[in-house]
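Single-letter residue listing:
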Amino acid sequence: MTVAARTLTDEEQRERREWFRARWERGVKFNRSCGMRVLRWDRDGVEMVLPYAEVLSAHEGVFHGGVISALIDTAGAGAVIAGHDFEKGSLLSTVSMSVQYLAPARGREAVAYARCVRRGRRLHFADVDVMTDGRICARGQVVVTISGERPGVGDPIEPIDPIEPIDRIEPLTEE
């Protein structure tokens, strides 16, 4: 049996978009611990910044490629949910992602520019460019699915303060 989703008012749609913006920046522990911040969040796209920290590096002064991939995934999924019709669900999951590294990611910060390029019934596609020091260092495509309801949508999100900055995280040691 198919259950029809309830109709949401424009205000309820707006509140969900705002809640997801706050969640991306403050509610996802990985994003918080890396220091990712949302610069722009609207129907046309998302911009996110990741400040450089030594623990995020591959080599001195260069972001690790996996961290750049995580930024692409986070910004791409954000671009989809920022303009999403929540009557179609709110449980988002990445299905696939491709990344092309174009140059070493050197600089004080990496900025991801993401936009949703296709919205389907369940699958949605986003393109993302990442820039460091004024040049594109990586490009990616993120495919996400949204179906069902995410538990906790609308619950309060903690302020940023409770998590220690990533540069204070202690490395794992063997006992």
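Think of each chain on its own: its residues are numbered from 1, step by step along the sequence as written. For this predicted model, a pLDDT threshold of at least 70 governs which residues receive local features, and a threshold of 80 or more governs which side-chain atom pairs are given and counted, while totals over whole chains, interfaces and linings are taken from all residues. To get the side-chain values, take all heavy atoms of the structure and skip hydrogens and water.

Draft legend 1. Quick look at the overall build of the protein chain. On a plain count of helices and strands, the protein chain comes out with three helices and eight strands. Put simply, the protein chain runs from its N terminus to its C terminus through helices and strands in the order α-α-β-β-β-β-α-β-β-β-β. Counting all 175 residues of the protein chain, 39% fall into the buried class. Residues count as neighbours in contact if any of their non-hydrogen atoms are within 4.5 Å of one another. The contacts of the protein chain with a sequence gap of at least 6 include a subset with a gap of at least 24, amounting to 67%. Accessible surface computed for the protein chain: about 10,300 Å², of which carbon and sulfur atoms make up 49%. Elements are defined by DSSP. Helices are runs of H or I of four residues or more, strands are runs of E of two residues or more, and each kind is numbered from the N terminus. A simple rule labels every residue: compare its accessible area, found with a 1.4 Å probe on the protein chains alone, to the largest value its type can have, and call it buried under 20%, exposed over 50%, or partly exposed in between. Using a 1.4 Å probe, the Shrake-Rupley method yields the accessible areas, and only the shown protein chains count as cover for residues.

Draft legend 2. Representation of unusual backbone geometry in the model. Despite not being glycine, Asp133 has its phi angle at roughly 50 degrees, a positive value. Relative to the helices and strands, Asp133 resides in the loop between strand S7 (123–132) and strand S8 (135–146). Classification of Asp133 as exposed rests on a relative accessible area of 62%.

Draft legend 3. Spatial organisation of the packing of helix H1 (residues 10–27) against helix H3 (residues 65–82). For helices, the fitted line uses only the C-alpha atoms of the stretch in contact; every axis is such a line through C-alpha atoms, and the angle between N-to-C directions lies from 0 to 180 degrees. It is at 10 Å that the axes of H1 and H3 come closest, and there the two elements cross at 170 degrees. The pairing of H1 with H3 is recorded here as roughly antiparallel in orientation. Contact residues: Arg17, Phe20 and Trp24 in H1; Thr74, Ala77, Gly78, Ile81 and Ala82 in H3. Grouping the constituent residues of the contact of H1 with H3 by class yields five nonpolar, two polar and one charged. Here the word oblique covers every angle except those under 35 degrees (roughly parallel), over 145 (roughly antiparallel) and from 65 to 115 (roughly perpendicular). In this classification, the charged set is Asp, Glu, Lys and Arg, the nonpolar set is Ala, Val, Leu, Ile, Met, Phe, Trp, Tyr, Cys and Pro, and all remaining amino acids, among them Gly, are polar.

Draft legend 4. Spotlight on the pattern of salt bridges. We define a salt bridge as a side-chain nitrogen of Lys or Arg found within 4 Å of a carboxyl oxygen belonging to Asp or Glu. Throughout the structure, instances matching the rule amount to five salt bridges. Between Asp42 and Arg40 there is a salt bridge; the shortest N-O distance is 3.0 Å. Residue class for Arg40 comes out partly exposed when judged on its relative accessible area of 27%. Salt-bridge contacts for Arg40 lead to Glu47; the nearest nitrogen and oxygen are separated by 3.1 Å.

Draft legend 5. Structural detail: H1. Residue count minus one, scaled by 1.5 Å, sets the expected span of a helix. Across its 18 residues, H1 extends 24 Å between first and last C-alpha, which sits within 8% of the 26 Å expected from 1.5 Å per residue. Looking at H1, one finds that the buried residues are Gln13, Arg16, Arg17, Trp19, Phe20, Ala22, Trp24 and Glu25. In this structure, the buried residues of H1 make contact with helix H2 (29–34), strand S1 (37–42), strand S2 (45–51), H3 and strand S5 (92–101).

Draft legend 6. Examining the packing of aromatic side chains more closely. Only centres within 6.5 Å qualify two rings of Phe, Tyr or Trp (six-membered ring in Trp) as a pair; their planes then separate them into stacked at under 30 degrees, edge-to-face at over 60, and tilted for everything else. Considering all chains together, one arrives at five aromatic pairs under this definition. Their ring planes at 10 degrees and their centres at 5.4 Å tell us that Phe20 and Phe86 sit as a pair that is stacked. Of the two residues, Phe20 is situated in helix H1 and Phe86 in the loop between H3 and S5; the sequence distance between them amounts to 66 residues. Each member of the pair, Phe20 together with Phe86, is buried. Pairing Tyr52 with Phe63 gives two aromatic rings, centres 5.3 Å apart and planes at 85 degrees, and the pair type is edge-to-face. Here Tyr52 is found in the loop between S2 and strand S3 (57–59), whereas its partner Phe63 is found in strand S4 (residues 62–63), with 11 residues between them in sequence. Look at Tyr52 and you get partly exposed, because its relative accessible area is 25%.

Draft legend 7. The sheet that holds S8, seen in detail. Two strands are counted as paired when DSSP detects at least two bridges linking them. Ordered in space as S1-S2-S6-S7-S8-S5, the six strands form an open sheet in which the pairing is antiparallel. Unpaired on one side and paired on the other, S1 and S5 mark the two borders of the sheet. Looking at each pair of strands side by side, their axes are set apart by 20 degrees on average, direction ignored. Where strand S6 (residues 109–119) meets S7, nine bridges bridge the pair, whose relative direction is antiparallel. Bridging across to S7, Tyr113 finds its partner in Asp129. Each of S1, S2 and S5 touches H1; the most contacted strand, S1, lies at about 160 degrees to it.

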